[in-house]
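Structure at a glance
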Amino acid sequence: MFNSSLRALSAMLAERKISSVELTQEFLARIDRHNPDLNAYITVDPEKSLAQARIADSMIAEGRMQPMTGIPVAQKDIFCSKGWLTTCGSKMLSGFVSPYDAHVIEKFNAAGAVNLGKTNMDEFAMGSSNETSFFGPVKNPWDRKAVPGGSSGGSAAAVAARMAPAATGTDTGGSIRQPAALCGISGIKPTYGLVSRYGMIAFASSLDQGGPMAKSAEDLAIMLNLMAGHDSRDSTSLVRDEEDYTRDLDCPLEGLRIGLPKEYFAKGLSPAVEKAVQAAISEYQKLGAKVVEISLPNTRLSIPVYYVLAPAEASSNLSRYDGVRYGYRAQGYGDLVEMYEKTRAEGFGAEVKRRIMIGTYVLSHGYYDAYYIQAQKLRRLIARDFSEAFGQCDVIMGPTSPSAAFDLGEKSSDPVEMYLSDIYTIAVNLAGLPGMSIPAGFGENGRPIGLQIVGNYFSEAKMLNVAHQYQKNTDWHLRMPSIE
Amino acid sequence: MQWEVVIGLEVHAQLSTESKIFSGAATAFGAAPNAQACAVDIALPGVLPVLNRGAVDRAIRFGLAVGAEVRKRSVFSRKNYFYPDLPKGYQISQFDLPVVLGGEIAIFVDGVEKTVRLTRAHLEEDAGKSLHEDFHGMTGIDLNRAGTPLLEIVSEPDMRSAKEAVAYAKELHSLVRYLDICDGNMQEGSFRCDANVSVRPKGAEKFGTRCEIKNLNSFRFLERAIEYEVSRQIDVIESGGVISQETRLYDSVKDETRSMRSKEEAHDYRYFPDPDLLPLEISEDWVEKARHSLPELPHAKRSRYVSEFGLSSYDAQVLTSSKEIAAYFEEVVGIYSDPKVCANWVMVEISGWLNKSGIEIADCPISSRSLAGLLVRIGDGTISGKIAKEVFEAMWNGEGEADAIIESKGLKQISDSGALERIVDEIISNNPSQVADYRGGKDKLFAFFVGQAMKATKGQANPAQLSEILKKKLSA
C-alpha cells in the first residue's frame, strides 16, 4: 500500500478499503521505522496527523471527498503550519511554532489531506545536499553514505523511502528537482507565481517557488491541482483560470519537439548521467518525439548571476530574524547591537551567514551597480535564451544534476563545488520557467539519475504529459530503495 | 558678514487609510500596544506585503493637487537597517522611482506670495515605536504604527527663513487636509517635519553644508529648531569652525538641537527593489478618476472668494487656511448672503472665541447654521450689531439659538418710532441745559443724548432710527 499511487490510495479510501486513519498510521509506522536512520523528518506529531485523518474520514463518510482527501502528505518545514513547529531547518527557528498556515497548507487542510510531518531541509533552503540543516543531514535512502540533495532533501528522501505518498518542496535554484533526481523520485517546480508564496518562508523572493514531489508525474499533477492557484496575499501570485493538470497526461507525444541544449552536455557532466539522459531521449524518440539541438549560450552565467541575486534578496529577507519578536535569542548581551550580533552569529549556520554576507556586499553602496544591477541585466539575457529556444522546441531536456548523489561531506567544505551541482537547474529559476525532474536510471554506484524537463511558461500540463508518457513506458519511477 | 539661510523640508504625512499600507490591520490611533499588529506587521516568517490601493489613491490626489507628475510606473524598494521597532529589518519605501515627481506649493509670508518647488513625494510604511519607560531597563516595542502608510513629501531647498519654512509646512498641512488624505494631527504624529538647514554668505551660489533636524512635531518647534540651528551654524562658521553634515535632534525643553549621528555613522541602506511587490502601475484612468474626485483646492478657493464674494485677498487667505474654516464660512454664506459680514463674524468672533477656548472649529459650540441665524437677525433689524455680540456669547455658552435668546432676554431692538419718540421727549425735558447747549452749537453733545436713550432702552433702540428722531426733535 505504501507503494501505491495517489489515485490508487484515493480509490481505496473511497471504497472504504482503508480509512485515512489507517493509512496515516501505516505511514507513521514507516516513519518510526526508518526516520531515525534517514532523518527525513524534523517534526512528526502523530496526534495532530491522526486528528486530521479523522476529519478526513468523516469528510469521506459524508461524501465530501476530493482527490487528496484522506491522503497523508509530508510538508517541507519551510511552510508555516499552524500549531506545528516550523523551523526552516534553522536553529534560529528551532522553537518557532507557527501561529498561521501558509496558503499551500490551507489548501491541503481544506481538501482534507493529512499533514504527516515536517520534512528536513537545508537551513533556509540554502544548500544542495541537506547538510546545512541545523537538524543534521538527511541520508539518501538509496545509499546512506550519499546526500539526498537539497534543499528539499527531507521531502525527497521521505517519498523515496515511502515514508510519505507525496510531499511538498520549494525550489529557488533547483531545490525540488535536484533532490528529486538524487533520490529517484519526480518533482516539479511550476512557473514562478503559480503557487502562492504566502507562508512559505522566504529565501530569495523572486526565485522561490513551491511545488510537489511524488513518485510519478501523475501524482505530481494531482498534487499541483491542489497547490496552484491565485492568492491575493501574494502580490506575485498570478491571476489565472484554474487548470486541471491531469487533463493532458494521456496525450500521445507524436511530433513533440525536444530541445537539447548543447551547453547541458558539455564538460562537467558525468558519463553515467549523460548516458542515462541519452537513453531517455532515445525512448522519447521511440514515442514519436523529434530532437532539436538548441543553444542556451548564457547558461554559463547562471551560477554567478544567481549567487549575486539570491544572496542579495536573502540578506534582506533574513533580517527579520533578529531575536526581538520570535525565534532564537542569544543569552547574555550587553546592549542591543550585541544582542543582534550574538543572536545572528549563534542562530544561523555557516552557509546562511556566507550568503547574508555576499548579499550584503553586493547591495552595498559602490557595489550595487557592478553586481546587483549587472546581474539583473544578465538575468534577462538568460530568460531570453529560453524564449528563443522555445521558438524551436516544445520542451527542453537535459540532466537535472551533473552527477548522481555525491557522498555526505564530499562537497560540504567547498561551497563553489557545491554551487556547481545546480548548474542545470538555476537558469530555470532565473527565467521563472517551470522545470521538473523524473527518474531516468542509475549510476554505476546504484544511485539514481534524473532527467530534467523544462517547459515554457504555464506549460505544466504539457510537461506532466511528457513525463507521464515516459513513465508509462519505463519503470525507473517504480524502483524503490531496498528498505522494507 | 551677511548670511543667507537655506531650508528644505521633508514632511511625513500619515495617509488616512483605514488599514495599513501593506496589511489589513487597522491604523486607528491609541489602541493597546500591539493590538493592531497582524502577522504581516510583526514580520512573521513567510508573510508578504500587499499594497493598499487607498494609499496610492491618496498619493495620486496629492500629486495632482501640487501640479506634479504622477508616474505611470513607480517601484517599491527596501531600505535595510536593523532597529527593534522595524520588524522586517527593512522599511518598504520608494527610492529611485517615486510615485510623485516635482510639483510646487505657493506660500504667503507677510502678504507676499512665494513658490516652493517640490522634489518628489513617495509612499512608504512607518515603523513601530520603541518605549523606553516603564520596562525596568528593557525596551518595549509597540508595532501598532508599523506599516502605517506615509507620504514623504520632499521640497527643494527653496525656503530662506524659519518663517518661510513654517508657512510652507502650514500650507502643506492645510492642503493634505483639504485633499482628505491625512488628518494632520501633529500631536499623534500624523504630520511630521524634518528640516534640512544650511547657511551661506549672502550672494554665494554654493550651498553650505546642511544638517538635518529630525522629528519636529509642531510648527512652533519647527520654527524654533531652525532658528536655533541657523544661529548655531553661523556661530560655528564665524568662530572659524566648519559645519559637518549630520543628523540632529531638536530638544524642545532645552530649545536646542544636538547631534544624533554624523555622516560617517550614516547607514548604508542597501536599497533594492522589493521582490515581493510588483512595480506600481498607475493607469491614465485611475489618475483621471482621482482628478475628478479632487475638491476645490485652497488657491482656487482663494481667488473665488475674491472674485465671487468681493473679499480682500487677506480675508480670503485667512478663511481658506483650513478646509474646515472655509467650509464653515461657506455654510454661513449659503444662508446669509452678505459675504463680508459673514467673513467678519467668522474671522473675528468665531476665530477669536475658538482661540480663547483652545478648540478647533469642528468642536465649535455654534454651528454655521446658528451663526447665520444670528446674522439674519442683525440684517432684518431685530437686533443691533452690539446686542448681537451679547447674543453670540449666550449662544457660545449653550443657551440656545439666536431667536430664543433674543426672545427670552428681551433683546429685541426697539424700532417702534412712537415708543422711541416718547423716550426722546422725556430725555429732552429732563435735560434742559444740555438741550440748550446743543442747540447753541455744541454738536458733540449729540452722543450724550444717544447714550441716554440707549440707557433708557437697555441698548435695544434701533440706532439709525434713534439718531433720526433725536436729530428731528433736538433741532425743533
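As the structure is a prediction and not an experimental result, all values here were calculated from the model.

Across its full length, chain A carries 15 helices and 11 strands. Projected onto its principal axes, the C-alpha positions of chain A cover 65 × 55 × 45 Å. Here chain A, with 484 residues, has 65% of them falling under the buried criterion. For chain A, the share of sequence-separated contacts (at least 6 apart) that also reach a separation of at least 24 residues comes to 77%.

Further remarks concern helix α5 (residues 284–292) of chain B. Structural remark: α-helix, 3.6 residues per turn; residues separated by three or four positions point the same way. Residues and elements named next belong to chain B. Taken residue by residue, α5 has Trp286, Val287 and Ala290 as its buried positions. In a view along the axis of α5, the buried residues occupy a sector of 100°, so they form one face of it. Away from its buried face by more than 90 degrees, α5 exposes Glu284, Lys289 and His292. Each element contacted by the buried residues of α5 is listed here: α2 (53–65), β2 (69–70) and β17 (280–281).

Let's shift gears to the domain arrangement of chain A. Residue and element names in this part refer to chain A. By the assigned domains, chain A splits into domain 1 (6–255 + 473–478) and domain 2 (301–376). A C-alpha centroid distance of 28 Å is found between domain 1 and domain 2. Across the contact, 19 residues belong to domain 1 and 19 residues belong to domain 2. Here domain 1 meets domain 2 over a buried area of about 1,600 Å², counting both sides, of which 66% is carbon and sulfur. On the domain 1 side of the contact with domain 2, Met92, Met126 and Phe203 bury the most area, a combined 41% of that side's loss.

A word on the pattern of salt bridges. Should the charged atoms of two oppositely charged side chains come close, the side chains can pair. If you walk through the whole model with that rule in mind, you get 63 salt bridges over all chains. With its nearest N and O atoms 1.9 Å apart, the salt bridge here joins Arg144(A) to Asp37(A). Linking Arg144(A) in the loop between β3 (114–119) and α5 (153–160) with Asp37(A) in helix α2 (residues 20–38), this pair joins segments that are 107 residues apart in sequence. Using a relative accessible area of 30% as the deciding quantity, one classes Arg144(A) as partly exposed. As a salt-bridge pair, Lys301(B) and Glu330(B) come within 2.7 Å of each other at their nearest N and O atoms. Separated by 29 residues along the polypeptide, Lys301(B) in helix α6 (residues 298–309) and Glu330(B) in helix α8 (residues 323–335) bring together distant segments of the chain. Residue classification places Lys301(B) among the buried residues on the basis of a relative accessible area of 9%. One network of salt bridges, with partners in common, ties together Arg197(A), Asp234(A), Arg78(B), Asp274(B) and Asp276(B).

Next up on the list: the sheet that holds strand β5 (residues 90–94) of chain B. With antiparallel pairing, three strands are arranged side by side in an open sheet as β5-β4-β16 (chain B). A strand with exactly one partner marks an edge of an open sheet, and here the two such strands are β5 and β16 (272–273) of chain B. Pairing analysis gives five bridges linking strand β4 (residues 76–80) of chain B to β5(B), with the strands arranged antiparallel. Bridged to Phe76(B) within β5(B) is Gln94(B). Here helix α9 (residues 302–317) of chain A sits on the sheet and contacts β4, β5 and β16 of chain B; the angle it forms with β4(B), its principal contact strand, is near 65°.

The next subject is the pairing of strand β11 (residues 149–155) of chain B. On any regular strand, side chains alternate: one points to one face of the sheet, the next to the other face. Residues and elements named next belong to chain B. Taking burial as the measure, the seven residues of β11 include seven buried ones, the bulk of the element. Taking every second residue as pointing to the same face, both faces of β11 are buried, with Pro149, Leu151, Ile153 and Ser155 on one and Leu150, Glu152 and Val154 on the other. Where strand β1 (residues 3–14) lies against β11, five bridges are found, and the strand directions are antiparallel. Bridge pairing links glutamine 14 to leucine 150 in β11.

Core analysis: the biggest nonpolar cluster contains 154 residues, and Met68(A), Phe124(A), Tyr284(A), Phe386(A), Met397(A), Ile453(A) and Leu464(A) have the highest contact counts within it. Sorting elements by how many residues they give to this core places α9(A) first, with nine residues. Other than its neighbours up to four places away in sequence, Tyr284(A) contacts Leu253(A), Ile258(A), Ala289(A), Met397(A), Ile438(A), Leu451(A), Ile453(A), Val466(A), Ala467(A) and Tyr470(A). Counting residues in hydrophobic clusters, the runner-up holds 69 residues, among them Leu9(B), Ile92(B), Ala165(B) and Leu175(B).

Next up on the list: the interface of chain A and chain B. The interface of chain A with chain B comprises 37 residues on the first partner and 29 residues on the second. A combined buried area of about 2,700 Å² lies between chain A and chain B, and 59% of that area is made up of carbon and sulfur atoms. Taken as a group, Ser235(A), Arg320(A) and Arg325(A) account for 22% of the area that chain A buries against chain B, more than any other trio of residues on that side. Where chain A touches chain B, the interface holds one salt bridge.

Okay, the side chain of Asn298(A) next. Looking at the element boundaries, Asn298(A) is found in the loop between β8 (290–294) and α9. Taking the relative accessible area as the measure of exposure, Asn298(A) reaches 15% and is therefore buried.

All names here are of chain B. Where helix α15 (residues 446–456) contacts helix α16 (residues 463–475), the two axes come as close as 10 Å, and the packing angle between them is 125°. Between α15 and α16, the crossing angle belongs to the class labelled oblique. In the crossing of α15 with α16, the sense of the turn from one axis to the other is right-handed. Listed contacts from α16 to Phe446, Phe449, Val450, Ala453 and Met454 of α15 are Pro463, Leu466, Ser467, Leu470, Lys471 and Leu474. Of the residues contributing to the contact of α15 with α16, the split by class is nine nonpolar, one polar and one charged.

Turning our attention to the pairing of strand β14 (residues 246–251) of chain B. Residue and element names in this part refer to chain B. For β14, the tally of buried residues reaches five of six residues, placing the bulk of the element in the interior. Sheet topology note: the strand β13 (residues 211–216)/β14 ladder contains four bridges and is parallel. Bridging from a neighbouring strand, cysteine 211 pairs with glutamate 246 of β14. Once you follow β13 into helix α4 (residues 219–238) and on to β14, the crossover reads as left-handed. Looking at chain direction, β14 and strand β15 (residues 256–262) are connected through six bridges and run antiparallel. The residue bridging aspartate 251 from the neighbouring strand is glutamate 256, located in β15. In textbook terms, the turn of a hairpin is the stretch between consecutive antiparallel strands, and for β14 and β15 this stretch comprises four residues, one of which, aspartate 255, has a positive phi near 50°.

Parameters at a glance
- Residues numbered from 1 in each chain as written.
- Chains lettered and ligands numbered in written order.
- Predicted model: local features only at pLDDT ≥ 70, side-chain atom pairs only at ≥ 80, totals over all residues.
- Heavy atoms only, no water.
- Helix = DSSP H or I, 4+ residues; strand = E, 2+ residues; numbered from the N terminus.
- Buried < 20%, exposed > 50% of the residue type's maximum accessible area, 1.4 Å probe, protein only.
- Contact = heavy atoms within 4.5 Å.
- Arc of directions from axis to C-beta.
- Domains from an automatic or database assignment.
- Buried area = accessible area lost by both parts, 1.4 Å probe.
- Salt bridge = Lys/Arg side-chain N within 4 Å of Asp/Glu carboxyl O.
- Pairing = 2+ DSSP bridges.
- Axes fitted to C-alpha atoms, helices over the stretch in contact; angles between N-to-C directions.
- Core = buried A, V, L, I, M, F, W, Y, C linked by side-chain atoms within 4.5 Å.
- Parallel < 35°, antiparallel > 145°, perpendicular 65-115°, else oblique.
- Left-handed = near helix turned anticlockwise from the far one by under 90°.
- Nonpolar A, V, L, I, M, F, W, Y, C, P; charged D, E, K, R; others polar.
- Right-handed = clockwise from strand over helix to strand, strands pointing away.

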